[in-house]
Amino acid sequence: MQSSLLFVCITFIGVTSRLFRINEPRYVCWDETHFGKMAGFYINRTMFACVHPPLGKLIIATIGLAGGYDGHFSFTQPGDTYYTENGTLLTPYITMRVGCAIFGTLMISAVYCIIYTLTKSVGAAVLSSMLLICDVAMVTLSRYILLDPIMLFFMFASVLGVVKASALQTRCSKQDKSFTSYWWGWLVFTGICLGCTLSVKLVGAFTVMFVGAWAIADLWKLLGDTEMVSLQLLGKHFAARVLCLIFLPIAIYVGVFYFHFHILHQSSDDDIFYSSKFQSTLHGNLLHKKSMPMHITFKSSLTMRNTLIEGMFLHSHPHYYPNMLEQYSQQVTGYKIRDGNNWWNIEPVIQQAKKLMDNVPLHDGDLISLHHMVTNKSLSVVIDKNDKWHAAPIFYWNSMVASISRQNSSGNDYKNWKIELKALQNRSSGICAVDCVFKLVNVAARCCLFASLKKLPGWGKDQYEISCYHGRRYEQGCWWHAEEVLPSSNAATTAIKPPSFLTNLFESHKVMFHLNSKLKKKYGDRVSKPWHWAVNYKASMISWIVTKTCSSEKFSFNFAAATIFQERGQAISHRNSSGLVD
């Protein structure tokens, strides 16, 4: 009775500390700009790219939808006010903050139950809970529209589940409650929470490893108890843990992504992160339900896109490489946006002039030349008077690629390209649009057309370098596919085959890891290292408040948490960010 009463009191204190003046500040703070915006994407069913799995954002979107959020408030940047000048509320941000604060409160309740189950001490449980209640960082994280309180709740709930299930196992056969409905309930609860933890943030994998280590330790104890535990019973324990702690979390994780893909079916600016086949499933995208010729022919007009994440189109425009003659140096670049300058005509080389018929498909090993539709110039490796190729501007060990005038390209073998189809694809039926992946190998220079993720200098119009790569180590930048192909008069057409769910699942993870790799510290950021955390050597400043005039700024750090005090000479005139410490 005393334990239950204290549990209720602790929960009440926790929810009070999290909800006190939760409407303040009355503007977008910290990462609310990301997760509030993504909640709107779910409500509007608009596809987006993110570094985290979907569950946390789905929960925030559900809370927002229940509170009346229609997805129209954009959460553009920290500092954007939630109110109009006359005090009208623009979006129900308080409901969304309250939802996250409840998860932050439930985390405290879970800690109380964990410590009490382990120690059977009410004092230890109360002390642990109060330490969490008074932790400034935890209070801050729980009061904003963030993924952290949701993830932390599921992490602690996972630990609670495995602790409860373990406590039901005893060496005494009369008291052992293994395989009772109560024991199964806690084991299933643990598996569900593990799947949810991983579905909010991938850092939840550490909790999965912790629970896995606990389960292994339990099995090891059972293995050593030869008097009470038979091999058959040990096998049942092992199978139960595999089912509940491995397969169930995986099923939940995969199911969350299935729900994610089912909800988000509208096109957006983030489409560029995904492949052409993925884009064909999105309403409003140019490729949605688009019919294509079954094969690329020797007279096709097409756009080509690289298979890299954020794959760019092969692009050319009437701007020139510096310090080169214009007729030899029209820029060939990678461009992420669909544009009229992405279109190319395929023509056979002289030796294959007999294949001029429109409906003769291209095959692996065919020789072609590519002519830019808008400027009528040929794609070629650039060479000098001594028949030596020019170095690319950025990857200088590669050959420079340019569009050259067709008069200057006659008799030039450096404009001839050999098609090499990817090994696993059908080589006999011809090269198809979208599905078939191929390399373009320059016949004379013996290099492949290569797309990099490095931007050209200012003269490159903020576009990406395309060059000709002579090696094999970074060959992933050499693979291309035709995204759009103009059908000829007699060509048979077919709709783009949508990718399978597992293909989309794999691709979404590639995008997540790619975006995560691009999150790098900016110059001037105040950051901390892991060893700083234990001794509170330096705080990590991730956002701040800008004032027009400040008489002084004073930073005070204590061992429990880093708190920032700001003494102002005048009132704040403009807020562009909020949230104090990480």
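Preceding this section is the structure that the text describes.
Below or above, wherever it landed, is the structure these notes cover. Note that the structure is a prediction, hence the values are computed from the model and not measured.

**Quick word on a nonpolar patch on the surface**
Stage number 1. On the surface, a nonpolar cluster with roughly 400 Å² of combined accessible area is contributed by L243, I246, F247 and I250.
Stage number 2. Within the secondary structure, F247 is located in helix α10 (residues 231-263).
Stage number 3. Exposure remark for F247: the relative accessible area of 51% places this residue in the exposed category.

**Some thoughts on the state of the cysteines**
Stage number 1. One pass over the full model with this rule turns up three disulfides.
Stage number 2. What pairs with C432 in a disulfide is C436, and their sulfur atoms sit 2.2 Å apart. Negative torsions about the S-S bond denote left-handed disulfides, and the value of about 100° found for C432 with C436 makes this one right-handed.
Stage number 3. When the bonded cysteines of the chain are numbered from the N-terminus onward, they pair as 1-2, 3-5, 4-6.

**Describing the packing of aromatic side chains**
Stage number 1. Under the defined criterion, the tally for this structure stands at 30 aromatic pairs.
Stage number 2. With centroids separated by 5.3 Å and ring planes inclined at 90°, the aromatic side chains of Y42 and F48 adopt a geometry described as edge-to-face.
Stage number 3. An aromatic cluster is built from Y253, F257, Y258, F261, Y274, F278 and F501, whose rings are joined through pairwise contacts.
Stage number 4. Sitting above the plane of the F313 ring, R305 keeps its charged end 5.9 Å from the centroid.

**Here we look at unusual backbone geometry**
Stage number 1. The amide bond that connects E24 to the next residue, P25, takes the cis arrangement and shows omega of -5°.
Stage number 2. Mapped onto the secondary structure, P25 falls in the loop between α1 (2-19) and α2 (32-44).
Stage number 3. With a phi angle near 60°, W30 is a residue other than glycine that sits in the positive phi range.
Stage number 4. Relative to the helices and strands, W30 is located in the loop between α1 and α2.

**Some points on the nonpolar core**
Stage number 1. By size, the foremost hydrophobic cluster in this structure holds 69 residues, and its most contacted members are I60, Y82 and F154.
Stage number 2. One finds M312, L421, F438 and L449 within the second-largest nonpolar core, a separate group that totals 43 residues.

**Brief notes about helix α5 (residues 122-133)**
At 3.6 residues per turn, the α-helix brings residues three or four places apart onto the same side.
Stage number 1. Over its 12 residues, α5 extends 16 Å from the first C-alpha to the last, a length consistent with the 16 Å expected when each residue adds 1.5 Å.
Stage number 2. Along α5, the residues that are buried comprise V122, A125, S129, L132 and I133. Each buried residue of α5 lies within a common arc of 100° when the element is viewed along its axis, so the set occupies one face. Of the exposed residues in α5, those oriented more than 90 degrees away from the buried face are L127 and L131.
Stage number 3. Taken together, the buried residues of α5 touch α1, α4 (93-119) and α6 (136-142).

Here is what the cut-offs are and how they apply
Residues numbered from 1 in each chain as written. Predicted model: local features only at pLDDT ≥ 70, side-chain atom pairs only at ≥ 80, totals over all residues. Heavy atoms only, no water. Patch = residues over 30% accessible without salt bridge, like charges linked within 9 Å, V, L, I, M, F, W, Y side chains within 5 Å. Areas by Shrake-Rupley, 256 points an atom, 1.4 Å probe, with all protein chains shown as cover. Salt bridge = Lys/Arg side-chain N within 4 Å of Asp/Glu carboxyl O. Helix = DSSP H or I, 4+ residues; strand = E, 2+ residues; numbered from the N terminus. Buried < 20%, exposed > 50% of the residue type's maximum accessible area, 1.4 Å probe, protein only. Disulfide = S-S within 2.5 Å. Phe/Tyr/Trp six-rings, centres within 6.5 Å; stacked < 30°, edge-to-face > 60°. Lys NZ or Arg CZ within 6 Å of the ring centre and 35° of its normal. Core = buried A, V, L, I, M, F, W, Y, C linked by side-chain atoms within 4.5 Å. Expected span 1.5 Å × (residues − 1). Arc of directions from axis to C-beta. Contact = heavy atoms within 4.5 Å.

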